[in-house]
Amino acid sequence: MGNSDYVHPSNVECSHRVAIPPPQPFLKTLKYSLKETFFPDDPLRQFKNQPPSRKFKLGLQYFLPFLEWVPRYTLDFLKSDLIAGITIASLAIPQGISYAKLANLPPILGLYSSFVPPLVYSLMGSSRDLAVGTVAVASLLTAAMLGDEVNVKENPKLYLHLAFTAAFFAGVFQACLGVFRLGFIVDFLSHATIVGFMAGAATVVCLQQLKGILGLDHFTHGTDLVSVMRSVFSQTHQWRWESGVLGCCFLFFLISTRYFSKIRPKFFWISAIAPLTSVILGSLLVYLTHAEKHGVQVIGELKKGLNPPSFGDLVFVSPYLTLAVKTGIITGVIAMAEGIAVGRSFAMFKNYNIDGNKELIAFGMMNIVGSCTSCYLTTGPFSRSAVNYNAGCKTAVSNIVMAITVMFTLLFLTPLFHYTPLVVLSAIIISAMLRLIDYEAAIHLWKVDKFDFLVCMSAYIGVVFGSVQMGLVIAIAISLLRVLLFIARPKTLVLGNIPNSKIFRNVEQYPNANNVPGILILKIDAPIYFANSSYLRERIARWIDEEEDRIKSSGENSLQYVILDMSAIGNIDTSGISMLEEVKKIIDRRGFKLVLANPGGEVIKKLNKSKFIAILGQEWIYLTVGEAVGACNYMLQTSKPNPMKGEAETWNAV
């Protein structure tokens, strides 16, 4: 069926009308909007039609999820969680010590942070697979931000107290986001942004480990590539070959075990215990050969005993309060983004859901409690959670088992880490960081979306050649810029008729789609707001100019009608309505007619209230593009000035 076959219905009654929704009270509309913004998952649904006692129980289970699964806990679950907990403890102990060193904190804090926070999370967290502990990126950020203001060597006590305070404010920030249902803020960090930032941070962390691998005593405080390379190659005379050989051997061992476990998933435990095995072997080697006397640096004495209280050490006075708040918020954002992403990933594998806002409350409380018990920032690291998942964990009891194992280590085994070489810790960190450099994801971004690849590389370059803070700012800024571009520069499309059908599609996507003589069909592919209204007015005018130029060059019939397909316009504000009024005036001055097709409920309601429908004419609004084209073709063929006599009365009755 060609375009000439479109005829106007013989009877007006045969056409469907665009309905105007009945008016809704403002408070009801506001309530609906707030619910969709802050409660999209409708967490209060389970409380409906429940007796008060049941509501109280459900409320407790909401804030303390362990009350939900404890009654169903079985002996088989305990066996699985015991194995998983001991397995992740073997990874948590060396990683905790390593990441504490990365944050320029006493190594014992890594063990403290693997004891108390997991206990808190096991009570309040909703993920069955998340294994709680310190992470490299947050540790590096802590060192970078606090180190800019406080010299850890000159004032180690103040630096330590600020680390506790930063963890406290990170916890407060996370808990507030969870309580006020603002977890969606994390979604502004796009996948491309996170890939680039994490890869850049991992690269920086690996570069920082050259100090330990080469056995250097002095190293730059900068984290950028140029500063690190200058520091490394300006001290070639101080490189210690013993440390370098030892580090490369253990790094090769760790990478090999991880590769073996990857190709043989049943042997996941080999890569899980490899870091602890490296610590044990390295400590034995140093002890037996007295390598500490030949340039191999060791941890030294670790304090025995459980976490001492640190609430009195929190710094709430200037001039350092601002630094602690800033560090806490920035590291808290990175930590919660990683923790929620990891938790959701493993929840998807096991077909259950986690509430991001509940997770934020759990993260916040474990960091608040942790900051008062000599812990620094913790979250759910991917490497530890992956081991927990592969080990067959069933519930958060695996975190409790891990914490008990760490407690046993703190009470009885810390003297055994005296001879642990720092180069082994550097090798453990590098091995863990290499998996964060996801080059396959970057290649995928390049193939699918070049702009996403640009976002990814901008974040990566910002971190590697600037600083971690700069990279984070660049990553967030580019992500927000892209959101603004989507809003401020929406897609506008020219539609054509698919041959032998009444279907209208984008002429660029469907080259065989035909232009309808005398009619320009445009589709706006986004809501119309103040941010894009000026652009859309100019773009529509340009589309009209281009269509007139095309018609002149091809010798077709002159343009008579401009149809706006509004099916993708979910909402419109007053600026958007003013834009439509201006577009109508522009089209009227050129002797054309504006026609609207398929406006949504919210849009048609606002157009009616603003009197735009009366200005346009109720007879110029159609339910579908096909009906609009049919009516316009009918008028072109019959030269009728009005497509539907008597429709004004019909619309007045709506």
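Owing to the predicted nature of the structure, the values given are computational and were not obtained by experimental measurement. (Residues numbered from 1 in each chain as written. Predicted model: local features only at pLDDT ≥ 70, side-chain atom pairs only at ≥ 80, totals over all residues. Heavy atoms only, no water.)

## A word on the overall build of the chain
Logical step 1: Secondary structure assignment for the chain yields 27 helices and 6 strands.
Logical step 2: Viewed in the frame of its principal axes, the chain has a C-alpha envelope of about 105 × 65 × 55 Å.
Logical step 3: Of all 654 residues assigned to the chain, the portion counted as buried reaches 52%.
Logical step 4: For the chain, contacts bridging at least 24 residues in sequence account for 80% of all contacts bridging at least 6.
Logical step 5: Total accessible area computed for the chain in this model is approximately 30,600 Å², and 63% of it derives from carbon and sulfur atoms.
Logical step 6: One finds the centroid of the 57 positive side-chain charges in the chain at a distance of 6 Å from the centroid of its 45 negative side-chain charges. (Helix = DSSP H or I, 4+ residues; strand = E, 2+ residues; numbered from the N terminus. Buried < 20%, exposed > 50% of the residue type's maximum accessible area, 1.4 Å probe, protein only. Contact = heavy atoms within 4.5 Å. Areas by Shrake-Rupley, 256 points an atom, 1.4 Å probe, with all protein chains shown as cover. Lys, Arg positive; Asp, Glu negative; His and termini not counted. Charge placed at Lys NZ, Arg CZ, Asp CG, Glu CD.)

## Quick look at the UniProt feature "domain: STAS" (unreviewed entry) in the chain
Logical step 1: Feature annotation in UniProt places "domain: STAS" (unreviewed entry) on residues 509-632, given in this structure's numbering.
Logical step 2: Segment residues 509-632 splits into 51% helix and 15% strand. End C-alpha atoms: 24 Å apart. (UniProt positions renumbered as here; feature names shortened; annotations may be inferred.)

## Quick word on the side chain of Thr395
Logical step 1: Of note, Thr395 is situated in the loop between α16 (382-390) and α17 (397-413).
Logical step 2: The exposure class of Thr395 is buried, given its relative accessible area of 5%.
Logical step 3: Contacts of Thr395, omitting those with residues within four sequence positions, involve Trp69, Tyr73, Phe77, Asp81 and Arg128.

## Some thoughts on the confidence of the model for the chain
Logical step 1: Mean pLDDT over the chain: 86, with 95% of residues reaching 70 or higher.
Logical step 2: For the stretch residues 1-14, pLDDT sits under 50, and the model shows 33 contacts to residues farther than four places along the chain or on other chains. (pLDDT = per-residue confidence, 0-100.)

## Here we look at the pattern of salt bridges
Logical step 1: A complete count under the given rule lists 11 salt bridges for this structure.
Logical step 2: Close ionic contact of Glu546 with Arg542 constitutes a salt bridge, the shortest N to O distance being 3.6 Å. With a gap of 4 residues between them, Glu546 and Arg542 both fall in helix α22 (residues 530-554), about one helical turn apart.
Logical step 3: Here Arg542 falls in the partly exposed class, since its relative accessible area comes to 41%.
Logical step 4: Each member of the salt-bridge network shares a partner with another, and the members are Asp449, Asp452 and Arg482. (Salt bridge = Lys/Arg side-chain N within 4 Å of Asp/Glu carboxyl O.)

## Details of a nonpolar patch on the surface
Logical step 1: Taken together, the side chains of Phe184, Ile185, Phe188, Ile476, Leu480, Val483, Phe486 and Ile487 present a nonpolar region at the surface, about 640 Å² in accessible area.
Logical step 2: Position of Phe184 relative to the elements: it lies in the loop between α8 (156-179) and α9 (191-208).
Logical step 3: Judged by its relative accessible area of 34%, Phe184 falls in the partly exposed class. (Patch = residues over 30% accessible without salt bridge, like charges linked within 9 Å, V, L, I, M, F, W, Y side chains within 5 Å.)

## Details of the sheet that holds strand β2 (residues 504-506)
Logical step 1: Reading across from one edge, β2-β1-β3-β4-β5-β6 is the order of the 6 strands in this open sheet, with mixed pairing throughout. Here the strands that pair on one side only, and so sit at the sheet edges, are β2 and β6 (621-622).
Logical step 2: The pairing of strand β4 (residues 561-565) with strand β5 (residues 593-597) spans 5 bridges and is classified as parallel. Along β5, the bridge assignment pairs Asp565 with Ala597.
Logical step 3: Contacts from helix α23 (residues 574-589) reach β4 and β5 within the one sheet, and its direction differs from that of β5 by about 140°. (Pairing = 2+ DSSP bridges. Axes fitted to C-alpha atoms, helices over the stretch in contact; angles between N-to-C directions.)

## Digging into the nonpolar core
Logical step 1: Ranked by internal contacts, the top residues of the largest apolar core, which has 104 residues, are Ile97, Leu105, Leu109, Leu162, Phe197 and Met433.
Logical step 2: At 10 residues, the largest contribution of residues to this core is made by helix α18 (residues 422-434).
Logical step 3: Not counting residues up to four positions away in its chain, the partners in contact with Leu105 are Ala100, Tyr159, Leu160, Ala163 and Tyr376.
Logical step 4: Core analysis: the next-biggest nonpolar cluster, separate from the first, contains 51 residues, Val595, Ala597, Ile613 and Val625 among them. (Core = buried A, V, L, I, M, F, W, Y, C linked by side-chain atoms within 4.5 Å.)

## Considering the environment of Ser126
Logical step 1: Among the secondary structure elements, Ser126 is positioned in the loop between α6 (116-124) and α7 (136-147).
Logical step 2: In this structure, the C-alpha to C-alpha distance between Ser126 and Pro65, residues 61 residues apart in sequence, is 6.0 Å.
Logical step 3: The residues touching Ser126, leaving out its near neighbours within four places in the chain, are Pro65, Tyr121, Tyr352, Ile354, Asp355, Lys358 and Glu359.

## Quick word on the packing of aromatic side chains
Logical step 1: Taken as a whole and judged by the stated rule, the model has 18 aromatic pairs.
Logical step 2: Ring centres of Phe260 and Phe267 lie 5.7 Å apart, and the angle between their planes is 45°; on these two criteria the pair is classed as tilted.
Logical step 3: Residue classification places Phe260 among the partly exposed residues on the basis of a relative accessible area of 31%.
Logical step 4: Grouped by ring-pair contacts, the aromatic residues Phe346, Phe349, Phe382 and Tyr389 constitute a single cluster.
Logical step 5: The ring of Trp543 is capped by Arg539, whose NZ or CZ atom sits 3.9 Å from the centre of that ring. (Phe/Tyr/Trp six-rings, centres within 6.5 Å; stacked < 30°, edge-to-face > 60°. Lys NZ or Arg CZ within 6 Å of the ring centre and 35° of its normal.)

## Side note on the pairing of strand β1 (residues 492-497)
Regular strands have side chains that alternate between both faces of the sheet.
Logical step 1: β1 sits mainly inside the fold: 6 of its 6 residues count as buried.
Logical step 2: Residues Thr492, Val494 and Gly496 line one face of β1 and the alternating positions Leu493, Leu495 and Asn497 line the opposite face, and both faces are buried.
Logical step 3: When β1 meets strand β3 (residues 519-524), the two strands line up antiparallel, connected through 3 bridges. Note on β3: the bridge partner recorded for Thr492 is Ile524.
Logical step 4: In this sheet, β2 lies alongside β1 in antiparallel orientation, the contact comprising 3 bridges. Residue pairing for β2: Leu495 is matched across the bridge by Asn506.
Logical step 5: Counting the residues in the hairpin turn of β1 and β2 gives 6 residues, including Asn500, whose phi is positive at 60°.

## Describing the domain arrangement of the chain
Logical step 1: With domains assigned, the chain is organised as domain 1 (75-481) and domain 2 (490-638).
Logical step 2: Centre-to-centre separation of domain 1 and domain 2, based on C-alpha positions: 54 Å. (Domains from an automatic or database assignment.)

## Notes on a positive patch on the surface
Logical step 1: On the surface, Lys31, Lys35, Arg45 and Lys48 cluster together to form a positively charged patch.
Logical step 2: With respect to the helices, strands and loops of the structure, Lys35 is situated in helix α1 (residues 26-38).
Logical step 3: Under the relative-accessibility criterion, Lys35 is labelled partly exposed at 35%.

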